[in-house]
Amino acid sequence: MPEDSSDSQTKSPDLLEMWDDLCAMVGDELMPAGLEGAVLEPLGAIASAHGLIDHSFSSDNFNDRKVAATLAGHLESPEPDLLARLFSHESARDRELAPDDIKRLECQSVVEDIVFAAARWCRRPELRDAAESLLKQVVSETVRGNYWNTASYAMAVLCYHQSPGSKELLEQFERFCLPANGSKPEPPAHPSAPTLEQEAQFARGLAEGDPRTLSAIDQLLDEKDEACKNFSWSKENTDWLEQFFTAARNATG
C-alpha cells in the first residue's frame, strides 16, 4: 500500500491507479504468503473487478497478470469463458518468445494461477464445466508437447472432481511422463528444464487413487482460505483499502 494516502483523500481516487498499487502489494507480499484472498475475495463480489482483470492482463508485468488470474477465481459472477480467454492470452505471449527465453517462466507462473482459479471454479456447479474444459486443455497441450508445469495440478483437480473423460486423459498423461517400457521420459525442451519427476509422482498417485494426491490442490486452497480468516491489517492499510473498495463500488455505476 502507498505509505502516504493524503493525495487520495483530497481528490477523487483513480481506481486503476489504486489497483496498480494494490496489485504490486498483492503480488509481492500477499501471494507469496498465501494471503491474497484477504483482498481478492471481497473484491470479487464487486462488479468493477471484471474490468480490473482486463486492465492487468494487458500488463507486461507478470505479477499483475498473476493477480488478475487469481482474482478471476474469486469473482462472484464471472463470464464462463473468462479463464479460457486468459489462458489463450498467456499462451500467445509464450509463443511469441524464443524457445529458450527465460521470460517463458513468467508465462508458466501466470498459468499456474489460472489453474488454481479453475480449481476454485470447480467447486461451483454453474462454473464447473468451463473450469474443467480449461484444465483439460492445459493437460492436453502438455501431453502434445506444449509444456505447462502445472498440468499435474490440473490433472489432479480433474480426477478429484471425477470429471467426465478424466480417466482417459490420465492414461494419456501417464504415457507422457511414465513410458510403458520403463525408460526415462524425454523431457520437453523448455527453459525451466523439466525432469517430469513431479508429473510422474502425480500420475502414480492419481492412478492409484491416493487421496492425498487427489485432494492436493483443493487442500492448498483450503489452507489459503483458512489463513486469510486470521489475517489483520494495520489501521493505515485498512483506511487505504476502504478508499479502494469505495472507488471500486462507485465504478460499478
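Details of the structure are given in the entry above.
The sections below set out a description of the structure shown in this document. (Residues numbered from 1 in each chain as written. Predicted model: local features only at pLDDT ≥ 70, side-chain atom pairs only at ≥ 80, totals over all residues. Heavy atoms only, no water.)

## Side note on the pattern of salt bridges
Inspection of every chain in the model, using the stated rule, returns 17 salt bridges. Its salt-bridge partner being aspartate 225, residue arginine 123 comes within 3.9 Å of it at the nearest N-O pair. Placement of arginine 123 in the loop between α7 (104–121) and α8 (125–143) and of aspartate 225 in helix α13 (residues 216–229) is noted, with a sequence separation of 102 residues between them. Judged by relative accessible area, which is 24%, aspartate 225 ranks as partly exposed. (Salt bridge = Lys/Arg side-chain N within 4 Å of Asp/Glu carboxyl O. Helix = DSSP H or I, 4+ residues; strand = E, 2+ residues; numbered from the N terminus. Buried < 20%, exposed > 50% of the residue type's maximum accessible area, 1.4 Å probe, protein only.)

## Points about the side chain of aspartate 113
Tracing the backbone through its elements, the reader meets aspartate 113 in helix α7. With near-sequence residues (within four places) excluded, aspartate 113 lies in contact with Met31, Lys66, Ala69 and Thr70. (Contact = heavy atoms within 4.5 Å.)

## What to know about a negative patch on the surface
Negative charge collects at one region of the surface, where Asp14, Glu17, Asp20 and Asp21 lie side by side. With respect to the helices and strands, aspartate 20 occurs in helix α2 (residues 15–30). Owing to a relative accessible area of 33%, aspartate 20 belongs among the partly exposed residues under this scheme. (Patch = residues over 30% accessible without salt bridge, like charges linked within 9 Å, V, L, I, M, F, W, Y side chains within 5 Å. Areas by Shrake-Rupley, 256 points an atom, 1.4 Å probe, with all protein chains shown as cover. Lys, Arg positive; Asp, Glu negative; His and termini not counted. Charge placed at Lys NZ, Arg CZ, Asp CG, Glu CD.)

## Topic: the nonpolar core
Among the nonpolar cores identified, the biggest contains 75 residues, and Trp19, Leu43 and Phe244 are the most heavily contacted of them. Ranked by residues supplied to this core, first place goes to α7 with 10 residues. If sequence neighbours within four positions are ignored, tryptophan 19 has contacts with Leu40, Leu43, Leu52, His55, Ser56, Val67, Leu71 and Phe244. (Core = buried A, V, L, I, M, F, W, Y, C linked by side-chain atoms within 4.5 Å.)

## Concerning the packing of aromatic side chains
Applying the stated rule across the entire model yields 8 aromatic pairs. Ring centres of tryptophan 19 and phenylalanine 244 lie 6.1 Å apart, and the angle between their planes is 20°; this geometry places the pair in the stacked category. Residue tryptophan 19 is located in helix α2, and its partner phenylalanine 244 is located in helix α14 (residues 235–251); the two are separated by 225 residues in the primary sequence. Assigned by exposure class, tryptophan 19 and phenylalanine 244 land together as buried. (Phe/Tyr/Trp six-rings, centres within 6.5 Å; stacked < 30°, edge-to-face > 60°.)

## Looking at the environment of cysteine 122
Looking at the element boundaries, cysteine 122 is found in the loop between α7 and α8. A sequence separation of 13 residues divides cysteine 122 from leucine 135, and the C-alpha atoms of the two residues are 9.9 Å apart. The contact partners of cysteine 122, leaving out residues within four places of it in the chain, are Arg128, Ala131, Glu132, Leu135, Val157 and His161.

## Thoughts on the packing of helix α9 (residues 151–160) against helix α11 (residues 197–207)
Packed helices, taken two at a time, are described by the angle their axes make and the gap between the axes. Put simply, α9 and α11 touch, their axes get as near as 9 Å, and they point 10° apart. For the element pair α9 / α11, the angle class is roughly parallel. Each of Ser152, Tyr153, Met155, Ala156 and Cys159 in α9 lies in contact with α11, whose residues at this interface are Gln198, Glu199, Phe202 and Leu206. (Axes fitted to C-alpha atoms, helices over the stretch in contact; angles between N-to-C directions. Parallel < 35°, antiparallel > 145°, perpendicular 65-115°, else oblique.)

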